[in-house]
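# A structural walkthrough
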Amino acid sequence: MEVIMDVGILILIPILLIGIMVFLYVVPLGLWVSALAAGVNVGIFTLVGMRLRRVNPSQIVMPLIKANKAGLDVNVNQLEAHYLAGGDVDRVVDALIAAERASIPLTFERSAAIDLAGRDVLEAVQMSVNPKVIETPIISAVAKNGIELKVRARVTVRANIDRLVGGAGEATIIARVGEGIVTTVGSSEEHTDVLENPDHISRTVLGKGLDAGTAFEILSIDIADVDVGRNIGAQLQTDQAEADKKIAQARAEERRAMAVATEQEMRAKTQDMQAKVVEAQAEVPKALAEAFRNGNLGVMDYYNMNNIIADTKMRENLADSE
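Structure report, in brief. (Residues numbered from 1 in each chain as written. Predicted model: local features only at pLDDT ≥ 70, side-chain atom pairs only at ≥ 80, totals over all residues. Heavy atoms only, no water.)

Okay, unusual backbone geometry next. The phi angle at Ser 103 is positive, at roughly 60 degrees, despite the residue not being glycine. Inspection of the secondary structure puts Ser 103 in the loop between helix H6 (89-101) and helix H7 (108-116). (Helix = DSSP H or I, 4+ residues; strand = E, 2+ residues; numbered from the N terminus.)

The subject of this paragraph is the environment of Glu 80. Mapped onto the fold, Glu 80 is located in helix H5 (residues 76-84). In this structure Glu 80 comes out as buried when scored by relative accessible area, which is 5%. The spacing of Glu 80 and Ile 60 is 20 residues in sequence and 6.4 Å in space, taken between C-alpha atoms. Setting aside anything within four residues of it in sequence, one finds Glu 80 in contact with Met 50, Arg 53, Val 55 and Ile 60. (Buried < 20%, exposed > 50% of the residue type's maximum accessible area, 1.4 Å probe, protein only. Contact = heavy atoms within 4.5 Å.)

It is worth spelling out H7 at this point. For H7, the set of buried residues is Phe 108, Ser 111, Ala 112, Ile 114 and Asp 115. When H7 is viewed along its axis, its buried side chains cluster within an angular range of 160 degrees and face the same direction. Where the residues of H7 are buried, they touch H5, H6 and helix H8 (121-129). Immediately downstream of H7, the backbone of Gly 118 shows phi near 95 degrees, a positive value. (Arc of directions from axis to C-beta.)

With that settled, consider the packing of helix H4 (residues 58-69) against H5. Between H4 and H5, the least distance of the axes is 10 Å, while the angle of their chain directions is 135 degrees. Relative to H5, H4 is oriented oblique. Where H4 crosses over H5, the two elements pack in a sense that is right-handed. Facing Gln 59, Ile 60, Pro 63 and Leu 64 of H4, the residues of H5 in contact are Val 76, Leu 79, Glu 80 and Tyr 83. (Axes fitted to C-alpha atoms, helices over the stretch in contact; angles between N-to-C directions. Parallel < 35°, antiparallel > 145°, perpendicular 65-115°, else oblique. Left-handed = near helix turned anticlockwise from the far one by under 90°.)

Given below as structure tokens:
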């Protein structure tokens, strides 16, 4: 009988231990005691409800204690709703505390919206207190005299809490600053004007309101470096002259080809005319023979004609020699 009782006790003890562990998991008494000690009113049944809703009570109660100690007006339902929506409760509470200490107006609803939008709300609050410096890449711009300038700027920005949801990011700021630098340098008559007064770029670009529609407020734009690059104007003129040269050469080649074709055509015509002359000359002896037979031409007349032809050729040769 005693053996049976001992076996029953050995079986009962693990069951009791498992039951206690399950009870403490479902009913987080330690967390409830911590909340009471911190002066935060969180009911035990509220914690049990969080377990049933698959919410980690520690991720709600600990930020709630932190917010209560900082004097923030937040409740369990707000934190739990943000947790169920997929937000980072602890980071939102830290951002609210930082904003409260820095006297930055920030409500829980806006903070939660910023967090759910995918932005780091704590970093945004910190950036509102400690502005961030964004360095642009090297921006190439050309003045009116054709000289290229390579400019690098540093943009000091502060987060704008009101435009953090739906506002453009750093890439837009960099693109707009680059566009402003290109416009300002391009409107300068000489590149030396920019080298003498680089702050002219800063004033002009800053006055364009480049932070409109972005999540930042531009505090200053400082030119970090200005280098002289290539003579783009001279290079473009050289390229244009080379293109004009090639066009002129092509037209000259076209005219030469036409002249060669015309020459060949005239040679062909000359050959054709010479053939006709030879053909006509071949008819002369036939005509003379026919004249002799018909009695239309005498022998003396023929000799006189030959003498005239010979005399004519001699005169032509003398004229050529002179």
